[in-house]
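The chain contents come next:
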Amino acid sequence: MHIMEGYLPAAHAAVWTAIAAPFVVHGARRLTRLTAERPQVRLLVAAGGAYAFVLSALKLPSVTGSCSHPTGTGLGAVLFGPPVMALMGAVVLLFQALLLAHGGLTTLGANVMSMAVAGPWAAYLSFRGVRALRGSRSLAVFMAAVVGNMVTYAVTSTQLALAFPDPAGGVWAALVKFLGIFAVTQVPLAVMEGLLTVVAMNLLTAHSGDDLAELATMREGAR
Amino acid sequence: MMARNLMLLAGAVLIGVAPFLMTFETPPTFDGTDNRGREAIRRDHPDYRPWTQVLWTPPSPEIESLLFALQAAIGAGVIGYYVGLSQGRAQRRDAGADARSTDTRPKVPHASC
């Protein structure tokens, strides 16, 4: 889902950066407040960020014969809420843009919107949706990771289609083309991320019940 | 729970291995979708010129894989530290609770002191 440096026209890059910036600032404020009010959960927050760090570094083979990577933002979105993940995702993307020549600074805003804003929000809403329909927590976590992963790549495809409409078929044809490249490859990887995220949540429930309870009381306090 | 987690992990591994067990019409290259996206832009918009360059590119594929491995290692290290710490805390708390509930010795101080 990394749009490479220079591969968004300047106007598009500027607009996506302007849209993404408030989300990251809001996420930074939310994270500062979270760690100030609940110092106990600092390590859990670090682990949630690390999960996204690891998963987005793993380029995995897919049944389409190409490779792509999961995002790892679904777990944190469910645990801490999507705003916190906007900041964490931005940090991951900045690291990759500066040190790995993956993504870029001018495309950082667009990439933050897909991986760190749209993905986490989709994950969070999926989790809440499955829970509201009385689905089990494991199913909710699974769907959060799967949908968050897929939506990230759908947004990337949309961003590219808007910037590079198909010469013959326009934006729609371009969207179908980019979805064909990104989304199809992503389906098995999204399922994989879903399974891993359920395991991660199981481990947290088994060993870190106190930290999860701390987060839960905070969420109730916020309501 | 342990068995269930192992089954979920086995499922994830299976999905990861599946592409190598399949047969393809054309031999798969397993290149990155990010690059394929860029190739599609180049093909359909040959006039487009990237207007900025990355500030720094890893000088070789080896250095690049070093940095990717480093990214995964740092993340895995943080996760491992947290999981280990939490497990230790939980064990210590359970052990403390067990000791209190099974402690049948009289709670009176020694008569000799």
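Each value, and the rule that gives it
Residues numbered from 1 in each chain as written. Chains lettered and ligands numbered in written order. Predicted model: local features only at pLDDT ≥ 70, side-chain atom pairs only at ≥ 80, totals over all residues. Contact = placed C-beta atoms within 7 Å. Helix = DSSP H or I, 4+ residues; strand = E, 2+ residues; numbered from the N terminus. Nonpolar A, V, L, I, M, F, W, Y, C, P; charged D, E, K, R; others polar. pLDDT = per-residue confidence, 0-100. Pairing = 2+ DSSP bridges. Axes fitted to C-alpha atoms, helices over the stretch in contact; angles between N-to-C directions. Parallel < 35°, antiparallel > 145°, perpendicular 65-115°, else oblique. Buried ≥ 20, exposed ≤ 12 C-beta atoms within 10 Å, placed from the backbone. Left-handed = near helix turned anticlockwise from the far one by under 90°.

### Overview of the interface of chain A and chain B
If you look at the interface, chain A gives 53 residues, while chain B gives 52 residues. For the side of chain A that touches chain B, the elements supplying multiple residues, two or more each, are α2 (42-55), β1 (60-61), β2 (66-68), α4 (82-99) and α7 (170-207) of chain A. By residue number, the principal contributor to the side of chain A that touches chain B is α7 of chain A, which donates 16 residues. Across the side of chain A that touches chain B, the residue classes break down as 37 nonpolar, 12 polar and four charged.

### So, the confidence of the model for chain B
Residue and element names in this part refer to chain B. Residue-level pLDDT values for chain B average 87, and 88% of them are 70 or greater. Across chain B, element-level confidence peaks in helix α1 (residues 2-21) with a mean pLDDT of 94 and bottoms out in helix α3 (residues 61-102) with 88. Here the complex is predicted with pTM 0.91, and the ipTM for its interfaces comes to 0.88.

### Details of the sheet that holds β2 of chain A
Spatial ordering of the open sheet is given by β1(A)-β2(A)-β1(B), a layout of three strands whose pairing is mixed. Every other strand in the sheet has two partners, leaving β1 of chain A together with β1 (31-32) of chain B as the edge strands with one partner each. Relative to β1 of chain B, β2 of chain A is paired through two bridges, and the arrangement is parallel. What sits directly across from cysteine 67 of chain A, in β1 of chain B, is glycine 32 of chain B.

### Overview of the packing of α2 of chain A against helix α3 (residues 73-80) of chain A
All names here are of chain A. Direction vectors running N to C along α2 and α3 enclose 155°, while the axes themselves pass 7 Å from each other. Comparing the axis directions of α2 and α3 gives the class roughly antiparallel. Contacts from Val45, Gly48, Gly49, Tyr51 and Ala52 of α2 reach α3 at Thr73, Leu75, Gly76, Leu79 and Phe80. Here the residues of the contact of α2 with α3 sort into six nonpolar, four polar and no charged.

### Some points on α3 of chain A
Residue and element names in this part refer to chain A. The element α3 is largely enclosed, with a buried count of eight among its eight residues. Those residues of α3 not exposed but buried are Thr73, Gly74, Leu75, Gly76, Ala77, Val78, Leu79 and Phe80. Of the residues trailing α3, glycine 81 is marked for its positive phi of about 95°.

### As for the packing of α7 of chain A against α1 of chain B
Interaxial distance between α7 of chain A and α1 of chain B falls to 9 Å at its minimum, and their mutual angle equals 160°. As judged from the angle between their axes, α7 of chain A and α1 of chain B are roughly antiparallel. As for how α7 of chain A packs across α1 of chain B, the hand of that crossing is left-handed. Contacts from Pro188, Val191, Met192, Leu195, Leu196, Val198, Val199 and Asn202 of chain A in α7 of chain A reach Asn5, Leu8, Leu9, Gly11, Ala12, Ile15 and Gly16 of chain B in α1 of chain B.

### Looking at unusual backbone geometry
Glycine aside, residues mostly have negative phi, and peptide bonds are mostly found in the trans state. Phi angles above zero are rare outside glycine, and alanine 101 of chain A is one such case at about 55°. Taking the number of C-beta atoms within 10 Å as the measure of exposure, alanine 101 of chain A has 19 and is therefore partly exposed. Although it is not a glycine, phenylalanine 30 of chain B adopts a positive phi angle of roughly 55°. Note that phenylalanine 30 of chain B resides in the loop between α1 and β1. Here phenylalanine 30 of chain B falls in the partly exposed class, since 15 other C-beta atoms lie within 10 Å of it.

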